[in-house]
Every structure is written in C-alpha cells, then in structure tokens.
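Report on the structure
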Amino acid sequence: MKTDSMQFITFDDADFLDQDATALEEKVHIRVQQRSGRKCITCISGLAESLDMKRICKAWKKNFNCNGSIQRDEDTGQRVIQLSGDQRIQVRTFLVDEQICRAKSIVMHGF
C-alpha cells in the first residue's frame, strides 16, 4: 500500500471553485486623488477593455450628479475613468449591482 504518496490539500478559501475564474479577471482599482483643499477626483482603472467606457461614464455622471471623463494612463496605457468628488462607495455598488465585476476583484484605495 502506498500511503505516503497520498497528499491532502487544504484550502484556505471556502470558494476554491471560483479560483480559476478570479485568476482570469483583472483587479479594478478605485482611487481618490486630492486636488486642492476639499476637492478630490475618483479614478477607476482596470476595467475590461471590451466594456463600453463612454456609456459607463455617462451613466455614472447621470446617477452620481458629477462630472467625469475618460483618460489614457501614460504609464500602463489603460483607460481610466475620472469622476469629480469622492464617489468610491457609489462606484463599487454600481459595479457589483450591474454585474460588471465581482466584489472580490474590486480594490478600494484610501480607506
């Protein structure tokens, strides 16, 4: 009998079945940049390139009552959506509610 060849693998996460799916997904980063005084900008990067960024930005501007634009990051070359004001929590709930990405793949900076 070969008992030493049997290995038991312990899983730290309870959702190990979704491990392959989350490995393929990129992390979505939500950051806040301080401008001057009380003014700040919310930057969202890491969204999939296949998404219609213009349509998402338009929906956010209408729902959050703020201004926004789509910029290209000079370092990474990714598209970044910039919204005026601190919209971190609202953006996170919008992305999860509309099933654009999972809550696990969203990284919020500034908390």
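Report on the accompanying structure.

Cut-offs used in this document
Residues numbered from 1 in each chain as written. Predicted model: local features only at pLDDT ≥ 70, side-chain atom pairs only at ≥ 80, totals over all residues. Heavy atoms only, no water. Buried < 20%, exposed > 50% of the residue type's maximum accessible area, 1.4 Å probe, protein only. Helix = DSSP H or I, 4+ residues; strand = E, 2+ residues; numbered from the N terminus. Arc of directions from axis to C-beta. Contact = heavy atoms within 4.5 Å. Salt bridge = Lys/Arg side-chain N within 4 Å of Asp/Glu carboxyl O. Pairing = 2+ DSSP bridges. Axes fitted to C-alpha atoms, helices over the stretch in contact; angles between N-to-C directions.

As a further point, take helix α3 (residues 88-97). Along α3, the residues classified as buried are Arg 88, Val 91, Phe 94 and Leu 95. All buried residues of α3 project into a common sector of 135° when viewed along the axis, lining one side. Residues of α3 that are exposed and point more than 90 degrees away from the buried face comprise Ile 89 and Asp 97. For α3, the elements touching its buried residues are β1 (28-34), β2 (40-45), α2 (53-64), β4 (79-84) and β5 (106-108). After α3 finishes, the residue Gln 99 shows a positive phi value of roughly 55°.

On inspection of all chains with the given rule, the structure shows two salt bridges. A salt bridge links Arg 79 to Glu 49, with the nearest nitrogen and oxygen atoms 3.3 Å apart. On the criterion of sequence distance, the pair formed by Arg 79 in strand β4 and Glu 49 in the loop between β2 and α2 is long-range, its members being 30 residues apart. Overall, Glu 49 belongs to the partly exposed group, its relative accessible area being 46%. Ionic pairing is found between Asp 86 and Arg 88, a salt bridge with its closest N-O pair at 2.9 Å.

Attention now moves to the sheet that holds β4. Reading across the sheet, the five strands line up as β3-β4-β2-β1-β5 and stay open at both edges, with mixed pairing between neighbours. At either end of the open sheet lies a strand with only one pairing partner, and these are β3 (68-72) and β5. Strand after strand, the sheet turns through a mean of 25° between neighbouring axes, direction not considered. In terms of strand pairing, β1 meets β5 through three bridges, oriented parallel. Residue Val 28 lies in a different strand from β5, and its bridge partner there is Ile 106.

Moving on to unusual backbone geometry. The phi dihedral of Asn 65 falls on the positive side, at around 55°, and the residue is not glycine. Mapping Asn 65 onto the fold places it in the loop between α2 and β3. In this model, Gln 99 sits at a positive phi of 55°, which is unusual for a non-glycine residue. Classification of Gln 99 as exposed rests on a relative accessible area of 72%.

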